[in-house]
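Below are the chains, spelled out letter by letter.
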Amino acid sequence: MSGKLKEVRERIKSVKSTQQITRAMKMVSAAKLRRAQQAIVQMRPYAERLNKILINILTNLEGDAETSFGTERPLQHAALVVITSNKGLCGAFNTNIIKEAKNKIDGAYKELYESGNLTIIPVGKKAYDSLRKSHKKANFINDHVPLITDLTFENVEKVAETLMNGFQSAAYDEVTVCYGRFKNAALQFPETIQFLPVKKLKITPAIGRKASRADYIFEPGKRELLNQLIPGILKTTFHRFVLDTHASEHGARMTAMDNATENAEDLLNELRINYNKARQEAITKELSEIVGGAAALQG
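Residues numbered from 1 in each chain as written. Predicted model: local features only at pLDDT ≥ 70, side-chain atom pairs only at ≥ 80, totals over all residues. Heavy atoms only, no water.

Engineer: Lay out a positive patch on the surface in plain terms, naming residues and giving numbers.
Structural biologist: On the surface, a cluster of positive charge is made up of Lys32, Arg34, Arg35 and Lys87. Relative to the helices and strands, Arg35 is located in helix α1 (residues 2–60). (Patch = residues over 30% accessible without salt bridge, like charges linked within 9 Å, V, L, I, M, F, W, Y side chains within 5 Å. Areas by Shrake-Rupley, 256 points an atom, 1.4 Å probe, with all protein chains shown as cover. Salt bridge = Lys/Arg side-chain N within 4 Å of Asp/Glu carboxyl O. Lys, Arg positive; Asp, Glu negative; His and termini not counted. Charge placed at Lys NZ, Arg CZ, Asp CG, Glu CD. Helix = DSSP H or I, 4+ residues; strand = E, 2+ residues; numbered from the N terminus.)

Next up, the structure:
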């Protein structure tokens, strides 16, 4: 019986140690989440508004715009950017993004993948490790795997420039991004967005009216403005994808560590009950032996 008590004590000690780690990781993630959430909350409205401006410009200036970022071509080569974290212990966060990417590869990009015309650009070690094993026929560009550790605009824009240059040179006919969209600390979900070419709005004229186009006035000239405006908007949009994923990672990890701490507490309560039962059994047995021995002596 003493061996059983010792085993339960060791398990209680081990669970307490694990609980301290998960509680500390939750606190660290909570602190990081506040900064990451503040960054994406400030960035998202600005980036979304810029993206709407870009879509409106390319839609209303079709045939006139001096840019190739809205040009649709037959889909012969594609690039898929998958943004995850470098570390685990964040629940199903990375798994859900990778699953979303695999669905895209095995669905819309299946023929391109089979023919070797699909390029995967992982941002984050988890995406690289998983997709490298499961989709060996794809072309991998792993230069940007460590990017998720340094999210300054200067670093992120290098990836956006690589994608934009590849699209303009016809190395990619389409660029898609899989990332984790942040909603709140408890809810994050994977999302797939077509980054290039920029999707244009469909102008549907009302019944009995002619379709009209917005009359933009460019100052300075159209070419100079578009050459600066459109690349800047695309870089800002991609930066939002990365910041969204970063905030989602810390939210998912904080939630996972909170659940792990609560599960450890439940396990501790169960182990304490088992320990007390074992102690009571040991005491009862010892008392029985003493009473039995006393009775034998009296007899």
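Engineer: Explain unusual backbone geometry to me, using residue names and the numbers behind them.
Structural biologist: In this chain, Leu196 is followed by Pro197 through a cis amide linkage whose omega measures -5°. With respect to the secondary-structure elements, Pro197 resides in the loop between β5 (187–196) and α6 (222–298). Even without a glycine there, the phi angle at Ala170 is positive, about 70°. With respect to the helices and strands, Ala170 occurs in the loop between α5 (153–168) and β4 (174–184). The class of Ala170 is partly exposed, set by a relative accessible area of 40%. (Buried < 20%, exposed > 50% of the residue type's maximum accessible area, 1.4 Å probe, protein only.)

Engineer: Describe the packing of aromatic side chains, naming the residues involved and giving the relevant values.
Structural biologist: With the rule as written, the count across this model stands at 5 aromatic pairs. For the ring pair Tyr128 and Phe140, a centre distance of 6.2 Å and an interplane angle of 90° mean the geometry is edge-to-face. In this pair, Tyr128 is assigned in helix α4 (residues 125–134) and Phe140 in strand β3 (residues 139–140), connecting sequence segments 12 residues apart. For Tyr128, a relative accessible area of 21% puts it in the partly exposed group. Here Phe140 falls in the buried class, since its relative accessible area comes to 15%. (Phe/Tyr/Trp six-rings, centres within 6.5 Å; stacked < 30°, edge-to-face > 60°.)

Engineer: Could you give an account of the nonpolar core, naming the residues involved and the relevant values?
Structural biologist: Core analysis: the largest hydrophobic core is formed by 44 residues, its most contacted members being Val81, Ile83, Phe195, Leu196, Leu234 and Phe238. Beyond its immediate stretch of four places on either side in the chain, Leu234 contacts Leu54, Phe69, Met164, Phe195, Leu196 and Val198. In terms of nonpolar packing, the next biggest core, distinct from the first, is built from 20 residues, Tyr109, Leu118, Ala127 and Phe140 among them. (Core = buried A, V, L, I, M, F, W, Y, C linked by side-chain atoms within 4.5 Å. Contact = heavy atoms within 4.5 Å.)

Engineer: With reference to specific residues and values, describe the sheet that holds β3.
Structural biologist: Across the sheet, which stays open at both edges, the 5 strands sit in the order β3-β2-β1-β4-β5 with mixed pairing between neighbours. The open sheet has two edge strands with one neighbour each: β3 and β5. Summarising the sheet, β4 and β5 pair through 9 bridges and their orientation is antiparallel. Each bridged residue has a counterpart across the sheet, and for Asn184 the counterpart in β5 is Leu187. In the packing of α5 onto the sheet, contacts are made with β1 (78–83), β2 (118–123), β4 and β5, and the angle to β5 comes to roughly 35°. Strands in contact with α6 are β1, β4 and β5; relative to β4, the strand with the most contacts, it is inclined by about 45°. (Pairing = 2+ DSSP bridges. Axes fitted to C-alpha atoms, helices over the stretch in contact; angles between N-to-C directions.)

Engineer: Explain the environment of Ile53 to me, and be specific about the residues and the numbers.
Structural biologist: If you trace the backbone, Ile53 turns up in helix α1. Residue Ile53 is classed as partly exposed on the basis of its relative accessible area of 33%. Considering only alpha carbons, one finds Ile53 and Leu229, 176 residues apart in sequence, at a separation of 9.9 Å.

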